[in-house]
2 protein chains.
Amino acid sequence: MKTKKIVFIGAGNLATHLAKAMYNSGYCIEQVFSRTEQSAQQLAHLVNAQYTTKLSEVLLGIDLYVVSLKDDALISLIPQIMDNKTESLVVHTSGSVPIDVWKGFGNRYGVVYPMQTFSKNKAVDFSTIPIFLEANQPANLALLHDYFDGLSSKVYEATSEQRKKLHLAAVFACNFSNHMYTLSEEILKRYGLPFDAMYSLIDETTAKIHEIEPAKAQTGPAIRGDQAVMDKHLGMLSDMPEAQEIYRLVSQSIQKYKSE
Amino acid sequence: MKTKKIVFIGAGNLATHLAKAMYNSGYCIEQVFSRTEQSAQQLAHLVNAQYTTKLSEVLLGIDLYVVSLKDDALISLIPQIMDNKTESLVVHTSGSVPIDVWKGFGNRYGVVYPMQTFSKNKAVDFSTIPIFLEANQPANLALLHDYFDGLSSKVYEATSEQRKKLHLAAVFACNFSNHMYTLSEEILKRYGLPFDAMYSLIDETTAKIHEIEPAKAQTGPAIRGDQAVMDKHLGMLSDMPEAQEIYRLVSQSIQKYKSE
């Protein structure tokens, strides 16, 4: 068991997976805070910690506070979070919030951004997840490396500007591609066809971009300029107006990237 | 070497991969036709066949003609393709063209639709690719099973209606998710960040939907309703207008699927 004491403020998907990974690597998670009692309790149970639903009850004198909240909650709660903790090391986990959000509230702060898609009931292998670190002083950055280098083989440093871009790129690569799967499944469901018919296609699409740039790996009616097929598809989507508009727009964008 | 003789009409990515797979499993590819001499020659060379750029020179008396052309070319060329071949078995490989396109032009016809994304320079393992068969008579369907059952462990039968839906669903699952990767890479490129930072995220996104329905696997600012992040992202995309519009529309669609 490592001697450092850690508190998690927030118990969402990212917090849950990160807390579990730290706990499993020997860190002592002292306490979990969440406004939702059930979430606080669940995560606390998983990592053998206390829990609270009141920020005023968060323990003082802890080595590392990991704050993992929705961006707007994070920003509005910072004054309370930092109450009596100006000398503790405090990090948030957000891709899109700059490090300077801590400025004026504490003296030792940073960011730990694990770039992965975390779902509550799906285990992840933390050792392959890129983690991007930033801190307000070299000594604090060194401490963050101490905490996180053992968790993943891909620990990097990134400025707030770089992290913002990484997060935006991740929304396209992960969140939006997943929604394309959702729309695909919805189309199949409407006709009683099983989504698992798509698995090998999806796996190959993903495997391919490890070898070929995605723009060069593009296939399908839009890149072929097969207007006859695209018109038929748009017609078939008449009862799914969002999907129809997405079809039109994404096809245009594919064609634009071809001509460039 | 199997005794059946096969001619490929078309030498695009799908034709290339299918012809190679058939050739490697022992079939004799007699001839390749393409309007583009270089394409015809390249594929013919790969499968040890003759080639021609004139439909009038396509060999007669062949056991199976595999027609793999863009949809509009296929439809406009059918009368020429079928010239003197009314008794041969002829198939096309299109997801979105119904079997009836052959009606009146021949007596023995069908469809062989391998559902995969084929790029010219990326080898594929045909044995895991779903292949959907359709034929105008049970005897012809049986023959198609003879040809293709040995090529893949996932050979199914599908009507023209089902195939149309499978193809549309595949455009979302494969072509459109790949374009999300392209936009992701474009964002990273503009800031000098490497696309391979996204690999583990993309791999996990793909792995997850083998276990969880994509709608339930959705993560990110849109499903969390994190408007602050979405507004920042839209601002960052001001110099990529298509990507900005896609961001807006896909986020809306994600939120719609949440509330349903």
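Refer to the structure above for everything that follows.
Draft legend 1. Molecular detail of the relation of the copies chain B and chain A. Between chain B and chain A, which share one sequence, the superposing operator has a rotation angle of 180 degrees and an axial displacement of 0.0 Å; the RMSD is 0.0 Å. Taken together, the rotation angle and the small translation identify this as a two-fold axis. In terms of C-alpha distance to the rotation axis, chain B has Ser 177 of chain B as its closest residue, with the C-alpha 2.2 Å off the axis. In this assembly, 100% of the residues forming the interface of chain B have copies in chain A that are likewise at the interface, indicating an isologous arrangement.

Draft legend 2. Inspection of the interface of chain B and chain A at higher detail. Counting residues at the interface gives 91 residues for chain B, matched by 92 residues for chain A. In this assembly, chain B packs against chain A so that about 9000 Å² is buried in total across both faces, 68% of it on carbon and sulfur atoms. The interface formed by chain B and chain A includes eight salt bridges. Summed over the shared surface of chain B and chain A, the number is 43 residue pairs in polar contact (both at pLDDT 80 or more). Put simply, the parts of the chain that give the side of chain B that touches chain A at least two residues each are α3 (71-81), α5 (160-190), α6 (199-208), α7 (214-217), α8 (221-224), α9 (227-236) and α10 (241-259) of chain B. For the side of chain B that touches chain A, the leading source of residues is α5 of chain B, giving 27 residues. Residue composition of the side of chain B that touches chain A, grouped by class: 47 nonpolar, 23 polar and 21 charged.

Draft legend 3. Looking closely at the sheet that holds strand β6 (residues 108-114) of chain B. Residues and elements named next belong to chain B. The strand order β3-β2-β1-β4-β5-β6-β7-β8 describes an open sheet built from eight strands, whose pairing is mixed. Of all strands in the sheet, those bounded by a partner on one side alone are β3 (50-52) and β8 (155-157). Between one strand axis and the next, the sheet turns by 25 degrees as a mean value, whatever way the strands run. Relative to β6, strand β5 (residues 89-92) runs parallel, the two sharing four bridges. Note that in β6 the partner of Leu 89 across the bridge is Arg 108. Docked against the sheet, helix α1 (residues 13-24) engages β1 (5-9), β2 (28-33), β4 (64-67) and β6, running at close to 170 degrees with respect to β1. Taken strand by strand, α5 contacts β5, β6, β7 (131-135) and β8, and its axis lies near 25 degrees from that of β6.

Procedures and definitions
- Residues numbered from 1 in each chain as written.
- Chains lettered and ligands numbered in written order.
- Predicted model: local features only at pLDDT ≥ 70, side-chain atom pairs only at ≥ 80, totals over all residues.
- Heavy atoms only, no water.
- Least-squares fit on C-alpha atoms with pLDDT ≥ 70 in both.
- Contact = heavy atoms within 4.5 Å.
- Buried area = accessible area lost by both parts, 1.4 Å probe.
- Salt bridge = Lys/Arg side-chain N within 4 Å of Asp/Glu carboxyl O.
- Polar contact = N/O pair within 3.5 Å; in protein donor to acceptor, adjacent residues only side chain to side chain.
- Helix = DSSP H or I, 4+ residues; strand = E, 2+ residues; numbered from the N terminus.
- Nonpolar A, V, L, I, M, F, W, Y, C, P; charged D, E, K, R; others polar.
- Pairing = 2+ DSSP bridges.
- Axes fitted to C-alpha atoms, helices over the stretch in contact; angles between N-to-C directions.

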